[in-house]
Amino acid sequence: ILVADNTKIPYWQTAVQGRQRAAAEMKVKSELQGSEKHDPQGEREAFRRAVAEKPSGILVSPTDAALLTPEIDAAIAQNIPVITIDSDAPDSKRLFFVGTDNYNTGLMGGKMAAKLLNGKGNVVFFTIKGQNNLTDRLHGYETAFADHTDMKTMQVIDMNGNSDIAFDSAKKMFESKTKVDAFICLEALSCSAVAAVASRSGMAGKVTIIAMDTDPGTVDWINKGVISATIAQKPYTMAYYGTKLLDDVHHHPLNPLTGWDKRVFAPIPSFVDTGTFIVNKENVGSLAQQPPSSGQ
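Keep in mind the model is a prediction, meaning the values are calculated, not measured.

The rules we used
Residues numbered from 1 in each chain as written. Predicted model: local features only at pLDDT ≥ 70, side-chain atom pairs only at ≥ 80, totals over all residues. Heavy atoms only, no water. Disulfide = S-S within 2.5 Å. Buried < 20%, exposed > 50% of the residue type's maximum accessible area, 1.4 Å probe, protein only. Pairing = 2+ DSSP bridges. Helix = DSSP H or I, 4+ residues; strand = E, 2+ residues; numbered from the N terminus. Axes fitted to C-alpha atoms, helices over the stretch in contact; angles between N-to-C directions. Contact = heavy atoms within 4.5 Å. Right-handed = clockwise from strand over helix to strand, strands pointing away.

Draft legend 1. Spotlight on the state of the cysteines. In the structure shown here, the tally under the stated rule is 1 disulfide. Put simply, C185 and C191 are joined by a disulfide, and their sulfur atoms are 2.1 Å apart. On the sign convention where negative means left-handed, the S-S torsion of about 95° between C185 and C191 marks this disulfide as right-handed. Side by side, C185 and C191 carry an identical accessibility label, which is buried.

Draft legend 2. A look at the sheet that holds strand β1 (residues 2–4). Spatial ordering of the open sheet is given by β2-β1-β3-β4-β5-β11, a layout of 6 strands whose pairing is parallel. The sheet terminates laterally at β2 (32–34) and β11 (271–273), the two strands that pair on one side only. Taken pair by pair, the neighbouring strands of this sheet meet at an average axis angle of 25°, ignoring direction. Of the pairings in the sheet, the one linking strand β5 (residues 97–99) to β11 comprises 3 bridges and is parallel in character. Looking across to β11, one finds that V98 is bridged to V272.

Draft legend 3. Seen up close, the sheet that holds strand β6 (residues 120–127). Read from one edge to the other, the open sheet built from 6 strands follows the order β7-β6-β8-β9-β10-β12, with strand pairing classed as mixed. For this open sheet the edge positions go to β7 (150–158) and β12 (277–279), each flanked by a neighbour on one side alone. Across the sheet, the axes of successive neighbouring strands diverge by a mean angle of 20°, strand direction being ignored. Here β6 runs beside strand β8 (residues 182–185); their pairing, made up of 4 bridges, is parallel. Bridged to F126 within β8 is C185. Helix α6 (residues 163–175) rests against β6, β7 and β8 of the sheet, and its axis sits at about 135° to β7.

Draft legend 4. Quick peek at the pairing of strand β9 (residues 208–212). With 5 of 5 residues buried, β9 is to be regarded as a mostly interior element. Burial along β9 is two-sided: T208, I210 and M212 facing one way and I209 and A211 facing the other are all buried. Alignment of β8 against β9, held across 3 bridges, turns out to be parallel. Counted as the bridge partner of F183 is I209 from β9. Note that the unit made of β8, helix α7 (residues 190–200) and β9 has a crossover that is right-handed. Looking at chain direction, β9 and strand β10 (residues 229–232) are connected through 3 bridges and run parallel. By the bridge assignment for β10, M212 is matched with I231. The handedness of the β9 to β10 crossover, carried by helix α8 (residues 216–223), is right-handed.

In structure tokens:
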């Protein structure tokens, strides 16, 4: 069972394709559970329902690690393997994390932003408070900016999983003539909204916008030259490979189930990096490729 938050967004629908392909290849049953909107409490309830089904394994992307950590530990206590994907809960007893190296992704984005702004500018970030992967990305950006003393973080806005908050915040800044040189979105939802405001305000191409992920709206605004670039993750790969690894753990049980992080002869990794890459107008066409069928 894959448990996630805000399951209707394109990011998770891409992940579902990966999960379904892996399940088809292995001829196993799989399903997605979770809240359809940003709702950490709802994700916790979905996780509890998943545990009650006594599945062979659970993939989970904790939107609030503090909230999910005791639930993950309770699942492990019932001998249900849990692997985190996309966002981690590092203090839990989960087996390991499959996803993006978020700090280095932020570092990559920060270097790109500094290059686009010629090492000087006022930056506004959009994030979701309490989500570990986004915190790590912000840390990476700030580390990159430390090499450029004229790069300033003006504000870090919690958009709380709601693109309307990003839209309204950007609109107020444009209307008040606040000097913002770049908007940087640490998650998938904000930058399409920011790009829409920039376009309506006549600021397209005059302000740098750096997005995260490859939602259709983001890709469209890159093609239009309003979003400068985005950083693409691989949710399909996370869910595909995570499902495969859970199946392997099911057929080759670990004894003990957890505690392998500090053992030299561990049969499992601590972290599987699925990789990221920069997408801009020059290579955005590559995103038109379709995922392979389960038979390929």
